[in-house]
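# Analysis of the macromolecular model
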Amino acid sequence: GIFLEGARFDCNSHQLEDSRPKELFTDMPPLQFLPIKNRVPNASDYRCPCYKVVSRKGTLLTTGHSTNFVLYIEVPTDKVVDKWIKAGVAAFLALKY
């Protein structure tokens, strides 16, 4: 599955919300990726980085990305995107190091 740290995905409102107390990691619902040619992303969505493991570190490639980085997941939110950036919200594919 995909796990969120620093926030939670509310399945009722379909957007990013604050974490509940004492809840470090939360499950993301299943995602469907649809390729769309020349798609313009919604500027109000949070581009949540997705990593393989929780450590968020890896070897830097010539492309400038870490070997631990997978992709950005665009998550809808009704709050300012900077709130989630400052909170360090990220998604992970595995919780083991």
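## Observations concerning the pattern of salt bridges
Pairing is possible between side chains that carry opposite charge, provided their charged atoms lie close to one another. Within this structure, the stated rule accounts for four salt bridges. The residue Glu17 makes a salt bridge to Lys79 at a minimum N-O spacing of 3.4 Å. With Glu17 in strand 3 (residues 15–17) and Lys79 in the loop between strand 6 (69–75) and helix 1 (81–87), the pair connects residues that are 62 residues apart, well separated along the chain. Given a relative accessible area of 28%, Lys79 falls into the partly exposed group. For Asp18, the salt bridge goes to Lys83, with nearest N and O atoms at 3.0 Å.

## Quick notes on the nonpolar core
Core analysis: the largest hydrophobic core is formed by 14 residues, its most contacted members being Leu4, Leu16, Cys48, Val89 and Ala91. No other element matches strand 5 (residues 46–51), which puts three residues into this core. If we ignore the near neighbours within four places in the chain, the residues touching Cys48 are Leu4, Leu71, Tyr72, Ile73, Val75, Val89, Ala90 and Ala91. Listed in part, the five residues of the second largest apolar core include Tyr51, Phe69, Ala90 and Phe92.

## Re unusual backbone geometry
Outside of glycine, negative phi angles account for most residues, and trans bonds account for most peptide bonds. At Lys22, a residue that is not glycine, the phi angle is positive and equals roughly 65°. Lys22 gets classed as exposed once you look at its relative accessible area, which sits at 91%. You will see that Asn38, though not glycine, has its phi angle at about 55°, which is positive. Its place among the elements puts Asn38 in the loop between strand 4 (25–27) and strand 5. Residue Asn38 is classed as exposed on the basis of its relative accessible area of 72%.

## Notes on the side chain of Asn68
You can see Asn68 is positioned in the loop between strand 5 and strand 6. Note on Asn68: relative accessible area 3%, which makes it buried. In terms of polar contacts, Asn68 uses its side chain to reach the backbone amide nitrogen of Val53, at 3.0 Å. Setting aside residues no more than four positions away along its own chain, Asn68 makes contact with Cys50, Tyr51, Lys52, Val53, Ser55, Arg56, Lys57 and Gly58.

## Details of the pairing of strand 5
Among the six residues of strand 5, five are classified as buried, and the element is accordingly described as predominantly covered. Pairing between strand 5 and strand 6: six bridges, direction antiparallel. Looking at strand 6, one finds that Tyr51 is bridged to Phe69. Where strand 5 and strand 7 (residues 90–92) come together, two bridges link them in parallel fashion. Paired with Cys50 across the two strands is Ala91, which belongs to strand 7.

Calculation notes
Residues numbered from 1 in each chain as written. Predicted model: local features only at pLDDT ≥ 70, side-chain atom pairs only at ≥ 80, totals over all residues. Heavy atoms only, no water. Salt bridge = Lys/Arg side-chain N within 4 Å of Asp/Glu carboxyl O. Helix = DSSP H or I, 4+ residues; strand = E, 2+ residues; numbered from the N terminus. Buried < 20%, exposed > 50% of the residue type's maximum accessible area, 1.4 Å probe, protein only. Core = buried A, V, L, I, M, F, W, Y, C linked by side-chain atoms within 4.5 Å. Contact = heavy atoms within 4.5 Å. Polar contact = N/O pair within 3.5 Å; in protein donor to acceptor, adjacent residues only side chain to side chain. Pairing = 2+ DSSP bridges.

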